[in-house]
Each structure stands twice: as structure tokens, then as C-alpha cells.
Protein chains: 2
Amino acid sequence: MDLFVSKYINKIDKKGRVSLPSSFRNVLPKANRNEIILYKSIKTPSIEGCGVGRLKEIAKRINNLDFFSEDYDDFSTSIFSEIITTNIDKEGRFLIPEELKLYAGINTEAAFFGQGHYFQIWEPKKGLKNTEVSRIRLLKEKKSLRMMLTQ
Amino acid sequence: MDLFVSKYINKIDKKGRVSLPSSFRNVLPKANRNEIILYKSIKTPSIEGCGVGRLKEIAKRINNLDFFSEDYDDFSTSIFSEIITTNIDKEGRFLIPEELKLYAGINTEAAFFGQGHYFQIWEPKKGLKNTEVSRIRLLKEKKSLRMMLTQ
DNA sequence: CATATACCCATTGACGCCCATATAATCCCA
DNA sequence: TGGGATTATATGGGCGTCAATGGGTATATG
């Protein structure tokens, strides 16, 4: 599987280390399997992460926005200037920078949520709440979640 | 046959393993015959499953949504983070995650129902009950449909 | 020199792999 | 065509490996 899927809740130890779920590590290209990038999610109090290869994709997305719009500046500033690269140790663990932990309200545990080509890291309770709200919003709006899944 | 059809009731052993019915295994592409994805059914207290190929389809579809829209987040959260991939061992067995077993009320036995391009896993009694209710509903609708047509 | 980070090793529990058996299905040949 | 032999499937259990976690120590970096 070459997508980030499922969710995991891992502990943060005294040194601040947390294991990137094994299935997430396997998504990273064999070449750069010991490095990921992290940045603040724009729309939620969470951290987003992915392999370094994904940077190009993000750049493309932003490039597709209207160059003269405020969004363009906002996104490119908030995302690019805030991106942090972090190394994964031999055991598959990495450090979440203090600033990002604060932003996401993370303390002793981190919840990893697969999002396909990237993933999110949440304070567990907030993350689970968010999933629920997301699902309810989709069902309420009668958006065809079912079609997405079954057709 | 490249469709999931028929129904089977299999035991869950002490280790939590259950055999994926042989005919279901044969539906999976030879390439990814040792991995399936599972997720909570939206409308019923059951688990739905299918091969990983479907997941890639879904990923493609979500990726085509506006990256910065709320829908994008909702879909990718509700789908990717809720999907669980699980491996099938040499004997054709797999583990049903605890969370999904709870959702479906499954304990010692699992009932597999073919649904064409995907399948459902039920607590046996609930599953049989559901087929019956389904059948009755269908008959009722047929009846009223016929009345509509002939009156 | 002090703090932070990387590397090494250890522990625990879960999971995958292997082997075994019983029952059912299929085959094959007289 | 009948009946024994072979194969497949569902199931059970032992055991090694790996993932998640904890901690000690070296190294780096300012």
C-alpha cells in the first residue's frame, strides 16, 4: 500500500520521541525513508506530514491558485515558510518540534490519521472528535460518501 | 467469477484470526492477494471490505476535489483515516481489528456476505436478520411498484 | 561545558510464518 | 460409474520476528 491510511495513537516518551506508525514508514520512498516534513495544518489545529517528495505536489497545488489572490500569498507563506524537516531514527521514531506540539495541543500522546498522500497528527481526543464531525457533516450534506466508497 | 457472492459463516479463533472465504480470496487480484481493506459500513452495523485496488480508485477521486475545500478534508478524513488495511496470511486468514468487531458486535463468528464489488462482515444473527428484512422490504416495494404500474 | 539529538541495546506483546489435522471437495482410474 | 486417493479449505497451535517503547551513552552544536 502506497497510501497513508488508518489511524494510530502512539506515546511520546520523556525525550519527546514518537514512533511513526510502521505502515506510514512503508509509504515513504526507500530512498528518503528517514526524513519527513511537517507543517501546521491550515484549517485545523493539527500537524500535517508527508515524505519530502510530496513537496513538489504541494507547490503545484499552490501554483494552481490565482497568482494575484490573497490566498496565493497566504498559502505559500503559511506552508512553505513553516515547513520543518525532521529525521526518523533507526527505530522509526522522530521528534515533533515544540512549536508544532503547541499548535496541535499535543502532550503525551499523538494520534496519526492517514489522509492518502499525507497524514495528520492530532491530540488524540481532538482528532477523534474531528473525524466524527467530518463524517456527520458529510452525511448531513448528503454528499455521496457511499458513492465514493462503493462505486 | 470476479465478484463477491454468496454467504459464509466462519469461526474466529483464539488469536482473533478468521478465514476469508476461499471464493472471496479468488476475487482479489493475484498481485495483491494478501491484503484487503476494511471499514465501517455507513448504513449498517457491519464491516465492509474489498481489495486494495478499490482504494486507489477512491484516492484518485478524492484527489480530484479542490485541495483547499472543506469537502476535500472531510472526504479524506472520513475515508482514509477510517480505512484499515489488513494482511491475509498463507492460510487465507486475517485479523479483524477490535474497533471494527465492536462496531459490528462480532465475537466468535463472522458472517461474510458477498455484495458484488465488495463484501460485508456481520455478526451472524444480525446478518441473517438483515437479509430477511432486506428481502421483505424488497417484496413490499415490488408490490407497490406493481400497483403503481397496473393501476 | 551544557543541552539536545543520534545511536545502541533491551523488553514486551502482537503478528506473521510454519507445521499439523480434520473435514469436504475433486480427481482419477479400474 | 464407484470407490479410493489426492487436493483444498477451515481450523488449531508453536515459535520467531518485528513494532512500539524505554533507557544509557556517545556525539554534536552552540
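All residue numbers here refer to positions counted from 1 along the written sequence of the relevant chain. The naming scheme follows written order: chains are lettered A onward, ligands numbered 1 onward. Under the rules for a predicted model, residues below a pLDDT of 70 receive no local features and side-chain atom pairs below 80 are neither given nor counted, while totals for whole chains, interfaces and linings still include all residues. The side-chain values count all of the structure's non-hydrogen atoms but skip hydrogen atoms and water molecules.

**Remarks on the protein's contact with DNA strand D**
Argument step 1. The environment of DNA strand D is formed by 26 residues, the closest being Lys 15 of chain A together with Lys 14, Lys 15, Arg 17 and Ser 22 of chain B.
Argument step 2. We define proximity as follows: a residue is near a molecule or strand when any one of its heavy atoms falls within 4 Å of that partner. Per the 4 Å cut-off to the protein, sugar and phosphate atoms form 46% of the nearby atoms of DNA strand D.
Argument step 3. Within the side chain of Lys 14 of chain A, an N or O atom sits 3.0 Å from a phosphate oxygen of DNA strand D.
Argument step 4. A 3.5 Å cut-off defines polar contacts: any pair of N or O atoms within that distance qualifies, except that in protein one atom must be a possible hydrogen donor and the other a possible acceptor, and neighbouring residues in sequence count only when both atoms are side-chain atoms. Within the contact set of DNA strand D, a base nitrogen lies 2.8 Å away from a side-chain nitrogen or oxygen of Arg 17 of chain A.
Argument step 5. A run of H or I in DSSP counts as a helix once it spans at least four residues, and a run of E counts as a strand once it spans at least two, with each numbered from the N terminus. When residues of the surface near DNA strand D are traced back to their parent elements, those giving at least two are β1 (7-11), β2 (17-19) and α1 (22-25) of chain A together with β1 (7-11), β2 (17-19) and α1 (22-25) of chain B.
Argument step 6. Classification convention: Asp, Glu, Lys, Arg as charged; Ala, Val, Leu, Ile, Met, Phe, Trp, Tyr, Cys, Pro as nonpolar; all other residues, Gly among them, as polar. When its residues are assigned to classes, the surface near DNA strand D shows 4 nonpolar, 6 polar and 16 charged.

**Section: the protein's contact with DNA strand C**
Argument step 1. Taken together, 14 residues lie near DNA strand C, and Arg 17, Lys 90 and Glu 91 of chain A together with Lys 90 and Glu 91 of chain B sit nearest.
Argument step 2. Here, DNA strand C places atoms within 4 Å of the protein, and 48% of those atoms are sugar or phosphate.
Argument step 3. The separation between a base nitrogen of DNA strand C and a polar side-chain atom of Arg 17 of chain A is 3.4 Å.
Argument step 4. Between DNA strand C and the protein, one listed contact pairs a phosphate oxygen with a side-chain N or O atom of Lys 90 of chain A at 3.3 Å.
Argument step 5. Within the residue set of the surface near DNA strand C, elements represented by two or more residues are β6 (93-95) of chain A together with β6 (93-95) of chain B.
Argument step 6. Of the residues that constitute the surface near DNA strand C, the class distribution is 2 nonpolar, 2 polar and 10 charged.

**Quick look at the relation of the copies chain A and chain B**
Argument step 1. Aligned on chain B, chain A shows an RMSD of 2.5 Å; the corresponding rotation is 29° and the shift along the axis is 8.5 Å.
Argument step 2. Residues count as neighbours in contact if any of their non-hydrogen atoms are within 4.5 Å of one another. An asymmetric contact is evident, with only 19% of the interface residues of chain A recurring at the interface of chain B. The atoms used to superpose the copies are C-alpha atoms, taken from residues with pLDDT of at least 70 in both, and the fit is least squares.

**Considering a negative patch on the surface**
Residue and element names in this part refer to chain A.
Argument step 1. Excluding any residue in a salt bridge, patches collect residues exceeding 30% relative accessible area, merging like charges within 9 Å and nonpolar Val, Leu, Ile, Met, Phe, Trp and Tyr side chains within 5 Å. Accessible surface is estimated by sampling points in the Shrake-Rupley manner with a 1.4 Å probe; for residues, cover comes only from the protein chains shown. Salt bridges are identified by distance alone: a Lys or Arg side-chain nitrogen within 4 Å of an Asp or Glu carboxyl oxygen. Counting rule applied: Lys, Arg positive; Asp, Glu negative; His and chain ends not counted. For the purpose of locating charges, the reference atoms are NZ of Lys, CZ of Arg, CG of Asp and CD of Glu. Taken together, the side chains of Asp 66, Glu 70, Asp 71, Asp 73 and Asp 74 make up a negatively charged region of the molecular surface.
Argument step 2. With respect to the helices, strands and loops of the structure, Glu 70 is situated in helix α3 (residues 70-80).
Argument step 3. Classification of Glu 70 as exposed rests on a relative accessible area of 64%. The classification of residues rests on relative accessible area computed with a 1.4 Å probe and restricted to protein chains. Under 20% of the type maximum is buried, over 50% is exposed, and intermediate values are partly exposed.

**Concerning the sheet that holds strand β3 (residues 35-40) of chain B**
Sheet strands associate in pairs through backbone hydrogen bonding, adopting either a parallel or an antiparallel arrangement.
Residues and elements named next belong to chain B.
Argument step 1. Here, strands pair whenever DSSP counts at least two bridges between them. An order of β1-β7-β8-β4-β3-β5 is seen for the 6 strands of this open sheet, with the pairing classed as antiparallel. Edge positions in the sheet fall to β1 and β5 (84-87), since each has one partner strand and no second. On average, each strand axis in the sheet is inclined to that of its neighbour by 30°, with strand direction left out of account.
Argument step 2. Relative to strand β8 (residues 119-122), strand β4 (residues 47-51) runs antiparallel, the two being bridged by 3 bridges. Each residue of the ladder has a partner; that of Gly 49, found in β8, is Phe 119. All axes here are fitted lines through C-alpha atoms, helices being fitted over the stretch that makes contact, and every angle between N-to-C directions spans 0 to 180 degrees.

**Digging into the environment of Ser 81 of chain A**
Residue and element names in this part refer to chain A.
Argument step 1. Relative to the assigned elements, Ser 81 resides in the loop between α3 and β5 (84-87).
Argument step 2. Exposure remark for Ser 81: the relative accessible area of 54% places this residue in the exposed category.
Argument step 3. It is 9.2 Å that separates the C-alpha atoms of Ser 81 and Tyr 39, two residues lying 42 residues apart in sequence.

**Regarding the pattern of salt bridges**
Argument step 1. Under the defined criterion, the tally for this structure stands at 16 salt bridges over all chains.
Argument step 2. With a shortest N-O distance of 3.6 Å, Asp 89 of chain A and Arg 93 of chain A are connected by a salt bridge.
Argument step 3. Asp 89 of chain A sits in the partly exposed class, given a relative accessible area of 28%.
Argument step 4. Of the charged contacts, one joins Glu 91 of chain B and Arg 93 of chain B as a salt bridge, the two residues approaching to 3.6 Å between their closest N and O atoms.
Argument step 5. The class for Arg 93 of chain B is partly exposed, based on a relative accessible area of 21%.
Argument step 6. If you follow the salt bridges from partner to partner, you end up with Asp 13, Arg 17, Asp 89, Glu 91 and Arg 93 of chain A in one network.

**Thoughts on the interface of chain A and chain B**
Argument step 1. Counting residues at the interface gives 36 residues for chain A and 37 residues for chain B.
Argument step 2. By buried area we mean the combined loss of accessible area, with a 1.4 Å probe, across both parts when two parts are placed together. Across the chain A/chain B interface, buried area totals approximately 3,600 Å², and carbon plus sulfur atoms make up 56% of it.
Argument step 3. The interface formed by chain A and chain B contains 3 salt bridges.
Argument step 4. Residues Lys 43 of chain A and Asp 73 of chain B are paired through a salt bridge, measuring 3.6 Å at the closest nitrogen-oxygen approach.
Argument step 5. If you list the elements that add at least two residues to the side of chain A that touches chain B, you get α2 (54-63), β7 (109-114), α5 (124-140) and α6 (145-150) of chain A.
Argument step 6. Top contributing element to the side of chain A that touches chain B by residue count: α5 of chain A, with 7 residues.

What is shown is where atoms sit, not what they do.
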